[in-house]
Amino acid sequence: MTDRRTGSGARQRYFSGDRGQTLQDYTVGISLFIITVSAVLAGLLGFTSPLSAGVSSEDVSQSQRITTAMVQNLSTGRQPNELDAVRLNTTLNRTGEQLKSRWGIETTTSLNVTLSTLNGTRIVERDGVKLTVGSSYTNRSTATASRVVTLDDETCDPSCRLVVRTW
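Residues numbered from 1 in each chain as written. Predicted model: local features only at pLDDT ≥ 70, side-chain atom pairs only at ≥ 80, totals over all residues. Heavy atoms only, no water.

Enquirer: Explanation requested: the overall build of the chain in the structure shown.
Expert: Broken down by element type, the chain carries five helices and seven strands. Along the chain, helices and strands appear, N-terminal first, in the series α-α-α-β-α-α-β-β-β-β-β-β. Burial statistics for the chain: of 167 residues in total, 30% are counted as buried. Sequence-distant contacts in the chain: of pairs separated by 6 or more residues, those separated by 24 or more amount to 58%. Per element, the accessible surface of the chain, about 11100 Å² overall, is 53% carbon and sulfur. (Helix = DSSP H or I, 4+ residues; strand = E, 2+ residues; numbered from the N terminus. Buried < 20%, exposed > 50% of the residue type's maximum accessible area, 1.4 Å probe, protein only. Contact = heavy atoms within 4.5 Å. Areas by Shrake-Rupley, 256 points an atom, 1.4 Å probe, with all protein chains shown as cover.)

Now the structure itself:
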């Protein structure tokens, strides 16, 4: 094939359109496209992430520390994870603010302690009083720690779940 157009030789042939797209051209083009799309998506996700508050590691450690402290302090010592029902009831009759102060939690942190059935469908009651204290957590992102426990008065038969949530 010969170039019959008039003009400046090699330069004219290079821009003339006779040259097809090579594999290198295609690879560079697709690579640039993927990098650009990735950068735009990363920028958009980074821009919106401060708007969705997650659970901090501090909240997770606080909820775990509280469940461990409750099991250790309220345990009867007869069976593993068997809690003294009277002492648990006394603890859960305090206000959320009193419990935050007792466990050294900041006042800006919300706390919920609940004794529920193993499958979590209902809150356990003792003497007509629900064994829960603290803020309600309805469908929030919370740091949750739980322990399977029993009570010495057989309120939990066979066992219950002690759940501590912080956010």
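Enquirer: How should I be thinking about the packing of helix α3 (residues 57-74) against helix α4 (residues 85-92) in this particular structure?
Expert: The geometry of a pair of packed helices is captured by two quantities: the angle between their axes and the separation between those axes. Packing of α3 against α4 leaves a shortest axis separation of 10 Å and a crossing angle of 135°. Taken together, the axes of α3 and α4 lie oblique to each other. Touching M70, N73 and L74 of α3 are R87, L88, T91 and L92, all from α4. For the contact of α3 with α4, the per-class residue count stands at four nonpolar, two polar and one charged. (Axes fitted to C-alpha atoms, helices over the stretch in contact; angles between N-to-C directions. Parallel < 35°, antiparallel > 145°, perpendicular 65-115°, else oblique. Nonpolar A, V, L, I, M, F, W, Y, C, P; charged D, E, K, R; others polar.)

Enquirer: I keep staring at the sheet that holds strand β1 (residues 82-83) and nothing clicks. Help me out?
Expert: Note on sheets: strands pair through backbone hydrogen bonds, and any given pair is parallel or antiparallel. The strand order across the open sheet formed by five strands is β1-β6-β7-β2-β5, and the pairing between neighbours is mixed. Strands with a single pairing partner mark the edges of an open sheet, and in this sheet they are β1 and β5 (132-134). Of the pairings in the sheet, the one linking strand β2 (residues 111-117) to β5 comprises three bridges and is antiparallel in character. Considered in β5, the bridge of V113 is made with V133. (Pairing = 2+ DSSP bridges.)

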